[in-house]
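# Structural features, examined
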Amino acid sequence: MGKIEPRSMRALRVQSTGEALASFLLKEDREALVRLAAMWECWSMVMGPELASLAIPLGHRRTTLIVGGEDAMAVQELAMQKSEILERVNIFMDGQFFTKVQVEQTMGRLGLDRPRPVVSLKMPPPPLPRPANLGRLVGVLDPQSAVGQCYMAYLAYFDRQDTRHGAVHAPEAFHKG
């Protein structure tokens with residue numbers, strides 16, 4: 001039996017989020033990444049009104065800029081304007097950041113120049129306190145009546161809430177008559 005070789009060194013090293021973020025921010029090209037993010041935000045200014053109405057920034061792969069067009073005619077027009085697009089983005093990036101432009105149909109993809117929706121991480125409301133006398137009407141109300149069914153649904157609500165939050169109640173409270 002031989003020694004088992006790991007697939008990569010990354011599999012051997014686990015690092016905290018802080019370490020990963022620090023190593024990302026210490027990369028030599030972080031200024032270029034900041035300029036790239038600024039370019040997506042200022043896309044219409046970089047391209048000018050005519051090109052901005054056709055060209056939708058979709059991203060990049062290494063030194064290839066990926067630009068989208070809504071339909072086949074826009075893609076064809078953008079393909080003829082590749083050199084102009086390349087020149088404009090490299091001027092904005094202060095150097096030869098991109099070497100070529102790839103034009104694709106957007107196929108419903110949103111451009112990077114669009115504002116992203118803000119995701120709100122709302123906390124769920126705190127659980128309602130369980131009423132002290134809950135369950136006293138089980139057996140008093142007709143379970144087939146509308147009021148009885150509503151009361152049973154009310155009991156079920158607190159049972160589900162208690163199950164989620166780990167509360168335990170004495171079972172005799174549910175059988176009082």
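Below or above, wherever it landed, is the structure these notes cover. (Residues numbered from 1 in each chain as written. Predicted model: local features only at pLDDT ≥ 70, side-chain atom pairs only at ≥ 80, totals over all residues. Heavy atoms only, no water.)

### With respect to helix 5 (residues 82-92)
Of all the residues in helix 5, the buried ones are Ile85, Leu86, Val89 and Asn90. Within helix 5, the buried residues cover an arc of 120° as seen down the axis, which keeps them to one side. Residues of helix 5 that are exposed and point over 90 degrees away from its buried face: Ser83 and Ile91. Contacts from the buried residues of helix 5 go to helix 2 (30-41), helix 3 (43-54), strand 2 (64-69), helix 4 (72-80) and strand 3 (100-105). (Buried < 20%, exposed > 50% of the residue type's maximum accessible area, 1.4 Å probe, protein only. Helix = DSSP H or I, 4+ residues; strand = E, 2+ residues; numbered from the N terminus. Arc of directions from axis to C-beta. Contact = heavy atoms within 4.5 Å.)

### Some thoughts on the packing of aromatic side chains
On inspection of all chains with the given rule, the structure shows 4 aromatic pairs. Considering the side-chain rings of Trp40 and Trp43, the 6.2 Å spacing of their centres and the 40° angle between planes classify their relative orientation as tilted. In terms of burial, Trp40 and Trp43 fall into one category: buried. An aromatic cluster is built from Tyr154, Tyr157 and Phe158, whose rings are joined through pairwise contacts. (Phe/Tyr/Trp six-rings, centres within 6.5 Å; stacked < 30°, edge-to-face > 60°.)

### Remarks on the nonpolar core
Met39, Trp43, Leu65, Val67, Ile85, Val89 and Phe98 are the most contacted members of the largest nonpolar core, which totals 21 residues. Those elements giving two or more residues to this core turn out to be helix 2, helix 3, strand 2, helix 4, helix 5 and strand 3. The residues contacting Val67, other than those within four sequence positions of it, are Trp43, Ala55, Ile56, Leu58, Leu78, Ile85, Val101, Gln102, Val103 and Glu104. (Core = buried A, V, L, I, M, F, W, Y, C linked by side-chain atoms within 4.5 Å.)

### Quick notes on the side chain of Thr64
Summarising the element assignment, Thr64 is placed in strand 2. Those residues in contact with Thr64 that sit more than four places away from it in its chain are Gly59, Phe98, Lys100 and Gln102.

### Details of the environment of Arg114
By the secondary structure assignment, Arg114 is in the loop between strand 3 and helix 6 (146-165). Residues Arg114 and Trp43, spaced 71 residues apart in sequence, show a C-alpha to C-alpha distance of 9.4 Å.

### A look at unusual backbone geometry
Despite not being glycine, Arg62 has its phi angle at roughly 50°, a positive value. Along the polypeptide, Arg62 turns up in the loop between strand 1 (56-61) and strand 2. Unusually for a residue other than glycine, Met107 sits at a positive phi of about 50°. Turning to its location among the elements, Met107 is positioned in the loop between strand 3 and helix 6. Overall, Met107 belongs to the exposed group, its relative accessible area being 68%.

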